[in-house]
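Overview (structure and organization)
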2 protein chains.
Amino acid sequence: MSQKSFCCLLCCTGLFFLFSLLDASARQIPGHDLPVPETASRQLQNKIAEGLPAWWKETPATVEEWQIFRNKRDESARQGLSPLLQALDVKYAAGKMGGVPVYTILPARIPTRNENRVLLHLHGGGYVLNKGEAGLGEAILMAALGGFKVVSADYRLAPEFPYPAALEDALAVYKTLLKSYQPANIGVFGTSTGGGMTLALILAAKAQGLPVPGAIACGTPWTDLTKTGDSYFTNEQVDNVLGGYDGWLRSAAKAYAGSHDMREPLLSPVYGDMAGFPPTILAAGTRDLFLSNTVRMHRKLREAGIPADLVLVEGLSHAQYLHLGPDAPETVYYFRQLGDFFERNLK
Amino acid sequence: MSQKSFCCLLCCTGLFFLFSLLDASARQIPGHDLPVPETASRQLQNKIAEGLPAWWKETPATVEEWQIFRNKRDESARQGLSPLLQALDVKYAAGKMGGVPVYTILPARIPTRNENRVLLHLHGGGYVLNKGEAGLGEAILMAALGGFKVVSADYRLAPEFPYPAALEDALAVYKTLLKSYQPANIGVFGTSTGGGMTLALILAAKAQGLPVPGAIACGTPWTDLTKTGDSYFTNEQVDNVLGGYDGWLRSAAKAYAGSHDMREPLLSPVYGDMAGFPPTILAAGTRDLFLSNTVRMHRKLREAGIPADLVLVEGLSHAQYLHLGPDAPETVYYFRQLGDFFERNLK
């Protein structure tokens, strides 16, 4: 063996030990079977038993690949609307506010206390999914189960329109609502990306000197677009809606952020300043890949002195209350908690 | 092959397929490395990196085995007291209330608003651990970080004294406090078993026609002594305090329940009737084996119309706020949330 190759061997051995040390803190979790929880409803049990969607590991990159991916997912979301509309007595109509396409959803009956109130809905879908009516399911559930008029913003999507397009559209709709409603009578809500956008909207409104709404609700919000937060790791493959970060989700974060640092607060609101936020309710599931996204934000709000409520749903994966049908106990619980919160906190 | 053994083979094959079907709903989670979360404090990161305690899989059965097990654990808990007492300005004294040994802990200064208030502390330890001063750490932290007078009940332990001994002792101390304090000025709190006992105490007080306290706080409470609840499975070996249910924890549940059905509400309060409960704050960690114990109880309280607050701590395993030292951000956050809650809800 030459002196050079001996040095090389020494060096490699040293590096090997170094990496072993660095990795020593990671815990080895052995492979195991995870049963369907008996504490979940029948509807949730069935959904959990379906396992993970095969497409969670897809990584669209080009605009064309994203469009193919979106068309498939959105088609499936639109098919989910019919059973909702059959079960729930709501009407909706398309329109525009501030130049942005919106849907206005009205339940059959609005209780007197909610007559002067409106909820702005920002749908989820990683900034890349849920074009048009594909994003309406949550808005319909909230209108029907909560008894509110809901305006859902059909904001522009990435990768065709990266940050800040989606947020600009949400702001344009919010500004339009401010012309007809007292800020204290407006609530804003959304799930996942829609929850993150709800928080970003408040940050943007503060920066522009706009009044903040009376209350907001963030279902399992995407508050950190980077893979930071424990549940990105602990709930990988435990969450059977998202599966994990290292699939289309990572690609979606890149597609939306574009050249921006993902830790900018308008992209990852967990890095923002929470002073002046309105009362906020946050919710997630115990199996949720975004559990840490939710919990970290809840703590930030509390430590800033903001009234921040937290609801957790047993056995639920990310945003799964949107996929169980309107009668599932988890769905009813989620939307009732949000409805009660808005009723207590809106003027 | 005889006809009989052929039948036998058929039967076995049938059973095999049946079990395969039954098991088909369980998800196979592949083995993986779980990194130490960057979103945890340095103190929590160090604790997580220590991994699981080797003894979580021990299953003491006889009184002698339990005493050996308890002596080791309690010795370690007592050693943890000195750094707490050095860091925090509190004094404590042993005494008796209603025939039960107690410790009264006084911080150096009690804020005026807390002068007429007292907190009853029920320590954790699976009904089998934390005899005497070994159970005092949490009471000292609460007294010092919250500014309250705390009375900690040194209740009888299993297996020597199974159910309902521990609960009877807690009730005897509570009844004694009722002689000197207005119920609305009394708070009750505890972690793990102490959180479960806090809930059971309210159920027992209601049954005996006693007034309930002004507010209660349950840290990651043991609300279901059976292995029911999703996080018993999802957080096995993710939680590095408890490890899993199938070790000393299962043995402790048996030792305490004795001949009773573990689903009796005074043993597993998640099966109780929450009507008439006082305002309750519940807390747990995202890695907590008792996450479901906490979340299921929170939902039951909310659905019964009880003001029930929920706090979750990023990256934290079961009751880990008791093991990080009084300066750890997670510890400060936990005890501040409890302190604020008692200040808002006690008279």
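Residues numbered from 1 in each chain as written. Chains lettered and ligands numbered in written order. Predicted model: local features only at pLDDT ≥ 70, side-chain atom pairs only at ≥ 80, totals over all residues. Heavy atoms only, no water.

Quick look at the interface of chain B and chain A now. At the junction of the two partners, chain B supplies 51 residues and chain A supplies 51 residues. Carbon and sulfur atoms make up 53% of the area that chain B and chain A hide from each other, which totals about 4500 Å². Together, Arg27, Ile29 and Arg299 of chain B form the three largest contributors to the area buried by chain B at its contact with chain A, with a combined 17%. Here Arg287 of chain B ties to Asp230 of chain A by a salt bridge, and the two come within 2.5 Å at their closest N and O atoms. Connecting chain B to chain A are 20 residue pairs in polar contact (both at pLDDT 80 or more). Sorting the residues of the side of chain B that touches chain A by element identifies β1 (27–29), β2 (32–34), α2 (42–49), α8 (231–234), α10 (291–303), β10 (308–313) and α11 (329–345) of chain B as the ones contributing at least two each. The leading source of residues in the side of chain B that touches chain A is α10 of chain B, at 8 residues. (Contact = heavy atoms within 4.5 Å. Buried area = accessible area lost by both parts, 1.4 Å probe. Salt bridge = Lys/Arg side-chain N within 4 Å of Asp/Glu carboxyl O. Polar contact = N/O pair within 3.5 Å; in protein donor to acceptor, adjacent residues only side chain to side chain. Helix = DSSP H or I, 4+ residues; strand = E, 2+ residues; numbered from the N terminus.)

Strand pairing in a sheet takes place through backbone hydrogen bonds and is either antiparallel or parallel in direction. Residues and elements named next belong to chain A. Spatially, β3-β4-β6-β5-β7-β8-β9-β10 is the arrangement adopted by the 8 strands of the open sheet, whose pairing is mixed. In the strand order of this sheet, the two ends are held by β3 (90–97) and β10 (308–313), each with one partner. Adjacent strand axes in the sheet meet at a mean angle of 20° when their direction is disregarded. Sheet topology places strand β4 (residues 100–107) next to strand β6 (residues 150–153); 4 bridges connect them, and they run antiparallel. When the bridges of β6 are listed, Thr104 appears paired with Val151. Here helix α6 (residues 165–180) sits on the sheet in contact with β3, β4, β5 (118–122), β6 and β7 (186–191), set at roughly 175° to β5. (Pairing = 2+ DSSP bridges. Axes fitted to C-alpha atoms, helices over the stretch in contact; angles between N-to-C directions.)

Residues and elements named next belong to chain A. Enumeration over the complete set of coordinates arrives at 30 aromatic pairs over all chains. Between Trp66 and Phe69, the ring centres sit 5.7 Å apart and the planes meet at 85°, which makes this aromatic pair edge-to-face. In this pair, Trp66 and Phe69 both sit in helix α3 (residues 63–79), 3 residues apart, roughly one turn of the helix. This pair shows no difference in class: Trp66 is buried, exactly as Phe69 is. On the numbers, 5.8 Å between centres and 40° between planes, the contact of Phe69 with Trp248 is tilted. On the criterion of sequence distance, the pair formed by Phe69 in helix α3 and Trp248 in helix α9 (residues 248–257) is long-range, its members being 179 residues apart. Each member of the pair, Phe69 as well as Trp248, is classed as buried. (Phe/Tyr/Trp six-rings, centres within 6.5 Å; stacked < 30°, edge-to-face > 60°. Buried < 20%, exposed > 50% of the residue type's maximum accessible area, 1.4 Å probe, protein only.)

When chain B is fitted to chain A, the best match, at an RMSD of 0.0 Å, comes from turning it 180° and sliding it 0.0 Å along the axis. These values place the two chain copies in the arrangement generated by a two-fold rotation axis. Identified as the residue of chain B closest to the rotation axis by C-alpha distance is Gly31 of chain B, at 1.8 Å. Take the interface residues of chain B: 100% of them recur as interface residues in chain A, which is what a same-surface contact looks like. (Least-squares fit on C-alpha atoms with pLDDT ≥ 70 in both.)

Our next topic: the pattern of salt bridges. Residue and element names in this part refer to chain A. Tallied over the entire structure, the rule returns 27 salt bridges over all chains. Residue Arg113 is joined to Glu343 by a salt bridge in which the shortest nitrogen-to-oxygen separation is 2.5 Å. Of this pair, Arg113 sits in the loop between β4 and β5 while Glu343 sits in helix α11 (residues 329–345), and the two are 230 residues apart along the sequence. Via salt bridges that share partners, Arg156, Glu168 and Asp169 belong to a single interconnected network.

It is worth spelling out the sheet that holds strand β4 (residues 100–107) of chain B at this point. All names here are of chain B. Within the open sheet, the 8 strands sit side by side as β3-β4-β6-β5-β7-β8-β9-β10. Their pairing is mixed. A strand with exactly one partner marks an edge of an open sheet, and here the two such strands are β3 (90–97) and β10. Taken over all neighbouring pairs, the strand axes of this sheet differ in orientation by 20° on average, direction set aside. α10 rests against β9 (280–285) and β10 of the sheet, and its axis sits at about 155° to β9.

All names here are of chain A. For helix α10 (residues 291–303), with 13 residues, the first-to-last C-alpha span of 18 Å sits near the 18 Å given by 1.5 Å per residue. Summarising burial for α10: 11 of the 13 residues are buried, a large majority. Regarding α10, the residues found buried are Leu291, Ser292, Asn293, Thr294, Val295, Arg296, Met297, His298, Arg299, Leu301 and Arg302. Where α10 terminates, the next one or two residues include Gly305, which has phi positive at roughly 80°. (Expected span 1.5 Å × (residues − 1).)

Once that is clear, we can look at the packing of helix α5 (residues 137–146) of chain A against α11 of chain A. Packed helix pairs are specified by the crossing angle of their axes together with the interaxial distance, meaning the distance between the axes. Residues and elements named next belong to chain A. Contact geometry for α5 and α11: axes closest at 9 Å, N-to-C directions at 70°. Considering the angle they form, α5 stands roughly perpendicular to α11. As α5 packs across α11, the resulting crossing turns out to be right-handed. Contacts from Glu138, Leu141, Met142, Leu145 and Gly146 of α5 reach α11 at Thr331, Tyr334, Phe335, Leu338, Gly339, Phe342 and Glu343. (Parallel < 35°, antiparallel > 145°, perpendicular 65-115°, else oblique. Left-handed = near helix turned anticlockwise from the far one by under 90°.)

A few words on the pairing of strand β8 (residues 215–219) of chain A. Each regular strand displays side chains that alternate between the two surfaces of the sheet. Residue and element names in this part refer to chain A. A large share of β8 lies buried, amounting to 5 of its 5 residues. Every second residue of β8 is oriented toward a common face, with Ala215, Ala217 and Gly219 on one face and Ile216 and Cys218 on the other, all of them buried. Examined bridge by bridge, β7 and β8 share 5 bridges and lie parallel to one another. Residue Thr191 lies in a different strand from β8, and its bridge partner there is Gly219. Read from β7 through helix α7 (residues 193–207) to β8, the crossover connection turns out right-handed. (Right-handed = clockwise from strand over helix to strand, strands pointing away.)

None of the figures reported here should be taken as evidence of function without further support.
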